[in-house]
Every structure is written in C-alpha cells, then in structure tokens.
Amino acid sequence: MKTGRQYWRSLEQLAGTPRFQEWLRREFPQGAPELAGQGSRRRMLRLMAASLGLAGLTACRRPVENILPSSRGSEAIVPGVPNWYATSMTVGGLSFGLLVESHDGRPTKIEGNPRHPSSLGATTAHAQAAVLSLYDPDRSTRVLRQGRAASWDGFEAFAAQHFAAARVGDGARIRFLSETACSPSLEAVRRHALTRFPGARWIEYEPLNQDQALAGSEIAYGAPHVVRFHFDKADMVVSLDHDFLGLDALSLGWIRQFSRRRTADSPREPMNRLYAVESRFSMTGAAADHRLRLRPSEVRRFGEDLARALGALEGPAPSPNRFLDALARDLKASRGRSLVLAGPRQPAEVHALAHLLNQALGNTGVTVTCSRAPRDDARLQIRSLQSLAAELAAGQVETLVVLGGNPAFTAPADMGFQGLMRKARYNVRLGLEEDETSAGAEWHLPEAHFLESWGDGRALDGTASIQQPLIEPLYGGRTVAEVVAVISGYKDRRAYDIVRNHWLAGWPVRDAEKNWRRALHDGVVSGSSFPEARPAADASRVAAALQSNPASPVAEGLEIAFTPGWATWDGRYANNGWLQEAPDPMTRLTWDNAALVSPATASRLGLATGDLVRLSRGRHEVAAPVLVQPGHADDCVSVPLGYGRAMCGRVGRNVGFNAFLLRTTDALWSAAGLELRRTGRTARLALTQNHHNMEGRPLILAATLEEYRKDPKFVAHSKPHLEPFSLHKEPSYDRGNQWGMAIDLSACVGCNACVLACQAENNIPIVGKQQVLRGRQMHWIRVDRYYQGSPEDPGAAVQPVTCQQCENAPCENVCPVAATTHSPEGLNDMAYNRCVGTRYCSNNCPYKVRRFNFLDFHKGLSEAGKMVFNPDVTVRMRGVMEKCTYCVQRIEEKKIKARREGRRAIGDGEIQTACQQACPAGAIVFGDINDPASRVAGLRNHNRGYGLLEELNTKPRTTYLARLRNPNPELA
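In what follows, the accompanying structure is described.

Reading the values: the criteria
- Residues numbered from 1 in each chain as written.
- Predicted model: local features only at pLDDT ≥ 70, side-chain atom pairs only at ≥ 80, totals over all residues.
- Heavy atoms only, no water.
- Buried < 20%, exposed > 50% of the residue type's maximum accessible area, 1.4 Å probe, protein only.
- Helix = DSSP H or I, 4+ residues; strand = E, 2+ residues; numbered from the N terminus.
- Contact = heavy atoms within 4.5 Å.
- Disulfide = S-S within 2.5 Å.
- Salt bridge = Lys/Arg side-chain N within 4 Å of Asp/Glu carboxyl O.
- Pairing = 2+ DSSP bridges.
- Axes fitted to C-alpha atoms, helices over the stretch in contact; angles between N-to-C directions.
- Lys, Arg positive; Asp, Glu negative; His and termini not counted.
- Parallel < 35°, antiparallel > 145°, perpendicular 65-115°, else oblique.
- Left-handed = near helix turned anticlockwise from the far one by under 90°.
- Nonpolar A, V, L, I, M, F, W, Y, C, P; charged D, E, K, R; others polar.

Turning to helix α18 (residues 495-505), a few remarks are in order. A495, I498, V499, R500, W503 and L504 are the residues of α18 that are buried. Residues of α18 that are buried make contact with α7 (184-196), β18 (455-458), β19 (464-467), α17 (480-488) and α19 (509-522).

Written out as structure tokens, the structure is:
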C-alpha cells in the first residue's frame, strides 16, 4: 500500500544533507531578526512596550486620513457593491472567457466565465495575475518620437501625411508585424488596410506558436486544421511531449475533462490512464500513470515505432520494448476511446503521426475533432518572419509597423531583429512597455491593456467573445485595431465602434441590438463556433513526409530544449511580481530560470544545483545557473524562455538569463550540439521545495485503482487506530453553518491557479527574491510537490496545503493576546489589530500555513499599484500573522445577500472560495459540512477522505481525498 511516508520533496531531503538538516532545525529560517545587532526578540518586545506606554493612544499603527463621502451615486453602480462583467483575454492567438469583478469602476479580481468553452468557469495563473499588470506603474504611459515626448495628435498628423503618400505607391514598402490575431473585428480592419495598401504585407509572429501543429495537420489531411481534443471521452491518453495539463493547454476545458475522469467516486467507476513521453518533468508528467523520459529528438522515433506497432504505418516492426509493447496493447484494447496528441515543440512529422494514429485507432470524430484553420497561411509564421528579415536587410522596407509583441527580444537570435528594425526608414511600434522593440522604433505608442479596451476574439473551437473594458485607459493607450484604423483611414476610429459595428453588420437588423447586449452579458457570441470538419488522414502522405525528412540519428553530446517560462511565458509577464514569486509547479523555483539537467547528467559533468555554467551553440552563448531536476531526460538541457529582459520594468529587469539568445531559426524548440562549460562560479536560486517541510510525516495518501477496488476503505486501514479526546469542552454546531473544504488529490494538477487567485482576492503581497531565500514568502496557500522512487526516474504528486481551520486549533491555545480565535461557524479567525507578532501560533502549527509579515511589504506602492487591492479585505501592515480565512469576506457577502432576499439558508455551492473558483480541475470543494446533502459533507465521508495529520487530534476542517493512479499491470 502506497502512503505519504515514501514521498520526498528534494534531492537534499532524500540525501539528508547537512544543509537540509540545518534548515529543519530552524523553526524560522535565517535572518529572522530583521535588525542585525539589535538584540533578541524579547528585547524588541520590551522596547515596543515602552514606546507604546510613552506614546499612548497616538501610537496607532495605521495613519488616519479624513475623507469625504460621495454625495451622488451612479445608476449602474451601488457604492461598495461589486459588479461583474464578462470579457475575454487573448494569449497566443486564442481567447479565454473571463468574468471580472469591479469595485466602483475599478477591476480587482478575475474569474472564469462558465459559459465560455475555453474557460468553463476556471482561470489560469496568468489570467489571475492580469489585474496586477493592468496597474503596473512601469507600463508604457506616453507617446514617444525618437525617444522624446510626443502625442497621439502628433502621430495622427504624421500618419495622415505619411501613409497618404504611401498609398500612391500601393504601399509596396509597408510591412505590418503583429502577434497571432484571432479577432474578427481586427481581421476586418486588416483586410481594409491591405486593400488600401495592396502592395503591403502583414506578418504574424508568435514566439510560442502552433506552426508545427498546423503543418502536421496539413501533412496528414492535405490542408491545415485546428484540432480539438475531448478528454472526457478518452479512456487512454498518450502524450508525445504535450503538457496539455500545463503550459501547452489551449483550453482549460482539457484540464476539467481530464480531471473528471481521474476521480473515481466509487471503486467500480472507470478511470482514465495517462502515458507521458517527455524530456522535462511537466505537470502532465506528474499526473501520468506511466512516464517515459526521452530527449526531444527521440520522441519522433518513438512515435514512428508506435505507429508501426499498431499497423498505422508500414515498415519493419520495432525492436522489442517493454514500455512500447505494453502501450500498443493498451491502445488496441481501447479503440475509439483513446487519444494520442503531440506537443507544440515537436516537429510537424510527429503531429502527422498523431493524426494517423488517432485515425487508425478509431478516435477521429470521437475523442478528436477538427475544423479548418481560419487562414491557410497561419502555419507559416517563422517563414514569414525570415522573409521580413531578408527584406529589412536588403533595404526593401520603408515603413515597419510593429503591433504588440516584442520581436526584438523574442525573434530567433540569428536574425538580429533589433538591428534590422533600424534599417527601415520609418518605424512605428505599439506596445504595453517601453521595451527592447521600442528601443529601435521612431514612434512608440502605448498599447491599451485588455481590461481597459474593447476587442473580441475566438476560442479554439471558434466561439467568439466580446472583450469589454472595465475602466477607461489609464495611460491613454489604444488597441491594434485603432492604430491600423488611423493608418488605413478605416471608417471607425474608436475601438468600441470598430467592434460593435462589425458585429451589428453581421446580424439581422431587428435582432442586432438584442444579440449585442446578449453577447456582452454572456461573454460569448451564440452560434459562432467553427463547423466541424471530418478529414481523413492519408497514410501515404505521412509516410512520404517521413521519408523526405528522415529523423536525424541520435547525436552524441548534449541537446538543448526550449520551453515556455512558467512565470514569464515568452517574456510578456516578466514584470509581474505575482507570477515571478509563485513557484514553478515542478522545479519550485522563483524569481529565476535555470538550465535543467538530470541527476545522471549532473553527476557525469560534475554539476550541482546553483553552479553557473556557460551554454553555447555556435556563436551564440549565455551564462545560466544549473538546477538538477529529478526525472529529467539524460543528456538534455531544458531552458525556460522569457527571462533575462534587459529593457523591462523594475520587477522583471535582468531576472534570470535570456534563453532566446540560444534560439535560432534552425532550432526553435530543440537542437543537438550544445556545449556546456563550467565557470567555477555559483548563483543562489530561490527554491521553495524545502520551505515548510513537515519532517517526513504521511501527508499524501495514495493507491492504485486496483488496490482501491480490492480495499475501498484503504485510507482508514492505512491510518493508525486512535481515539483522540479533548481536555476542553468542544463547541457544538447543532444549528447554523459549519464551513469546511475538501480537496481531491486525484484531480489536482498543481497548476498554481489557486495560489494566484488567493493572492488577488486577499491582498497578499510579494516579498522579493531575497526574502524568499530566507523562507518568508507570504502565499496563504501553497502547492507542495513530492517525488516518489529513484531520483533518476521518480513519480510525482502534488498537494495544495492551506490553513486547515482546525476544530482543536493548536494556534489558538498559545496566542497571548487572543488574536486567533474560533468563530461560531467553526472558522479559525485572525484579528490583525490584536496580533503583536510573537509567532507562537506559527511555531505551534503542525501544518506550517501561517505567514508573518516581517516587513511592510505594501509600503512604497504607487497610486496605480494600490488600485489592485480588494476593498473587502484588510491590507495588512508590518508585524502581524496572516493565513487563509476560507475567504470569509465571500461568506459574509452571500449571507448578507440571503438575508436581503429573505432566505435563511445558503444554497450548496453558492459560496465559492477564490481557490475553488479558479481551479480548472475542479479539485477544491467548499461548503457547509452541517448540511448532510452538501457536496463537501459527502466528500468528508468518502472512502478516500482523510484529514491531514488528524492523529494529532487537531480535527481539521479541510480534508483530502487520497490520490488514485491507474497503472498498466504490465508496467507495474
């Protein structure tokens, strides 16, 4: 029976290094006394008491300021009552539906739109952090011309004269460069611009594009198609280097569908099985029942062997391979109920193989559906960018208009795009930041954030949604459509008119206004999804493509693999402190990126975590710290992109190293021939995997599906038999509410959306790299990552841990000022103004979930930065203990609403905590455990249910459902 006792969190813990033991011996990590040389905490408290006695009532913590109430309200806004608006966010050419909370006209919190097919009510960590980017004081705030202050009026005058003259020559020397666009209204403006300038070209470039996926579908089907996966119908899932539960997810519906098939409510309920083939340990690999470590170049050969083993591809049978043979038999037994998918970093041939395999297995039309790509040229982004670079180098481009993105930073290193931009006589650049691309532009124009601008977009299945703003542009920014409208003389100039008139023109006049209002209210345009196509994969085309572009033999030496940066993506989120401080789900690294290597490779090269090395490919090189990653493929180095920004805001500038300096047009995702040299220097990495360690106690309980079927009560049988009692009279909850939470470890994928949602909802500050190195991060919920097995090829598991809201809370008994108390509804409350910072409660908490703000981390914020705060939650100052409150402000909000409506009861599911609402896997459930019909009460009494360290008689109100896996018996 598998229990939590066999899990480990880091190589240091597994080896029991002296450094790790020293960390455990300190209840509070290094640097706890903030003022060096100022004596002990006891002395500090004595001085504080004396100063309070001398100062009297004038020594209150919070300064007092007089304000005047508004004398007149708004029809649409009730002061103090938040409103919610549907909008959408576009990333990588795909739109995700959102609901945004607005307090008195100020957006403060983002949630998923349950009506949107790509959201289903959930969000990503990046979406949660978008409000911080909106109020970023380092955003572009001004129009610049040649580095000097200018104005929009000045640009419009320039555009009227310059582009009118360009029309005389058909605009043959004009080039537009934008990110991948999925906006129907922008497409209309684009068509108009290319009509006015028939000789011009519009190039799209997304550094993390789907070129290979579209090219693979063209090989298989004869035309590029967008592929949609239906994990709810798949009993067997095979991932060929596709992190569909993490950074490669094109729809949050994928995570929701997959996780629902992992939670067996009864021993007889079926459960899916996941095979993952990958080089870097991803979130998908952590959830896999079987995981195979391969270098990126080896994945294609594995796909070919699998296709031949299943008869989808002609050729000699592959050599006997235990993993491959068991997988092939499993897929054959699941015909029509399986799913094979290839990741965006794999070449087009691997994607074509996946399409061929799905057709051979009878999955096409069931677990895999398709629609025609909106434009046939969508797969040619890198070729188009190469063509533009050649034109710039030859002096054939007079006017370059860069609309969003940051190509000077993200373009392949061998292009030297920043220098090429200057070869155009006129440069116009629209961007959110004054960044690397802005440095080479004559005109820099501030771009509007999506929360302050009108727009629209399409989801993966084509469903359109309206992007409506929640606030006027803070810094006068404009959208891509507005700038192109000015340049081309489009009939509408305001973003609102461009979007609204585009959609009204497509509806019958009698229904147009009604449809517009419904689209704004619902966040989706009804009936706008793409029609399904039913193409047939052509085995001969796939075989011909494989033959014309044969796989390269596995090279000696090191390979390099490029991955999106978890916090930065492609660099666009580099200045977002919430994302920088949230640990990478697998490496647990904050405020940095690192070159990831396997333990075996590190041992062979004499490397250790923190060693600074020099990575080089040809004439391109960069210095990077090493991070030894258990489960990583041997002889491969993975480097996350998006870090090392030289021109960025104060948060993200020079954080990490710039892996784009190694990325070339012939090695967009991986390549052989990497050289690694030691420098003899080291770097400090702010890793959090050993923070709040619980000394080997059984935290994660797990079993296989087969074990669960044999013993449905395996959780009860694995725990020690105890009959705890209390020395105190325990409260009774015969009437009223009794709040509780349940977390299903089988469903959780460790995506960190809950961490960012909690941060946004509860005004949790960031503390910076140096404070994280001291163990002082402030997140109220953390997602622990554990390994099991050998360091070379371990399994992994994740577990969200927050305040357990103990019935017998150890923190309450030791607080000398009763700052932490028990509420009539069973919550472990914190009275911040009582707390004097003894930290006894944290010392007595076995879960290590209480956070002490050693410094005033909210100090020094700009006026714009303060706008991100949720007014329903106290903004804490220095010297108090913080922790999860089960979002008590949301509880009170619903109770007030129920009283206002004359209801005595609150419906099950009516209250959703921030972490629960954000979770794309649906792993978190909150409710009234006094209501036997509630979901949370049922889960507390589930066969898989257990309390964390409940043998301590803390009686936690947050309970867990043990993790289940469904391994293939042949590979057990």
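Counting across every chain of the model gives zero disulfides. Counting only cysteine sulfurs, C884 is the nearest neighbor of C803, a cysteine outside any disulfide, at a range of 5.7 Å.

All right, on to the pattern of salt bridges then. Any two side chains of opposite charge can pair, given that their charged atoms come close. Inspection of every chain in the model, using the stated rule, returns 53 salt bridges. For R650, the salt bridge identified is with D138, shortest N-O distance 2.7 Å. Of this pair, R650 sits in the loop between β25 (636-640) and β26 (670-682) while D138 sits in the loop between α5 (130-134) and β5 (144-145), and the two are 512 residues apart along the sequence. Here R650 falls in the exposed class, since its relative accessible area comes to 60%.

Glycine aside, a negative phi is what most residues show, and trans is what most peptide bonds show. Its identity as a non-glycine residue notwithstanding, L120 has a phi of 55°, on the positive side. With respect to the helices and strands, the residue L120 is situated in the loop between β4 (106-112) and α4 (125-128). Classification of L120 as partly exposed rests on a relative accessible area of 31%. Look at Y886: it is not a glycine, yet its phi comes out positive at around 60°. Along the chain, Y886 turns up in the loop between β35 (881-882) and α30 (888-900).

On to the sheet that holds strand β29 (residues 739-744), then. Sheet architecture is open: four strands sit in the order β36-β29-β38-β37, paired in mixed fashion. Two strands bound the open sheet, and with one partner strand each, they are β36 (924-928) and β37 (945-947). Put simply, the sheet's adjacent strands are angled 30° from each other on average, direction ignored. Looking at chain direction, β29 and strand β38 (residues 958-961) are connected through four bridges and run parallel. Looking at the pairing, M741 lines up with T958 of β38.

On to the environment of A448, then. Here A448 is to be found in the loop between β17 (443-446) and β18. In this structure the C-alpha to C-alpha distance between A448 and T954, which are 506 residues apart in sequence, comes to 50 Å. Not counting residues up to four positions away in its chain, the partners in contact with A448 are R139, L432, S453, G477, R478 and T479.

This part is about the side chain of R228. Within the fold, R228 resides in strand β9 (residues 225-229). Of the side chains bearing the opposite charge, E532 lies closest to the buried R228, which forms no salt bridge; the N-O distance is 4.9 Å. Residues within four places of R228 in sequence aside, it is in contact with T367, V368, T369, C370, S371, L460, D461, F530 and E532.

The subject of this paragraph is the pairing of strand β20 (residues 558-563). Regular strands show a simple pattern: their side chains alternate between the two faces of the sheet. In terms of burial, β20 is largely enclosed, as six of its six residues are buried. Burial of the side chains of β20 extends over both faces: L558, I560 and F562 are buried on one face and E559, A561 and T563 on the other. As paired elements, β20 and β26 share four bridges and run antiparallel to each other. Directly across from A561, in β26, lies its bridge partner S670. Looking at chain direction, β20 and β25 are connected through five bridges and run parallel.

Moving on to the packing of helix α11 (residues 296-309) against helix α12 (residues 322-332). At their nearest, the axes of α11 and α12 sit 10 Å apart, and the two run at 50° to each other. Relative to α12, the element α11 is oriented oblique. Considering the relative orientation of α11 and α12, their crossing is right-handed. When α11 is examined against α12, the residues F302, D305, L306 and A309 are found in contact with a partner set consisting of F323, L324, L327, A328, L331 and K332. Grouping the constituent residues of the contact of α11 with α12 by class yields eight nonpolar, no polar and two charged.

Before going further, it helps to spend a moment on the sheet that holds strand β12 (residues 290-293). Sheet architecture is open: four strands sit in the order β12-β11-β10-β13, paired in parallel fashion. Unpaired on one side and paired on the other, β12 and β13 (338-342) mark the two borders of the sheet. Each adjacent strand pair in this sheet contributes to an overall mean axis angle of 10°, direction not counted. Direction of pairing for strand β10 (residues 236-240) relative to strand β11 (residues 273-278): parallel, over a ladder of five bridges. Counted as the bridge partner of V237 is L274 from β11.

Moving on: the pairing of strand β2 (residues 83-91). Across nine bridges, the pairing between β2 and strand β3 (residues 94-103) is antiparallel. Each bridged residue has a counterpart across the sheet, and for A86 the counterpart in β3 is L99. Hairpin remark: β2 followed by β3, antiparallel, with two residues in the connecting loop; positive phi at G92, about 65°.

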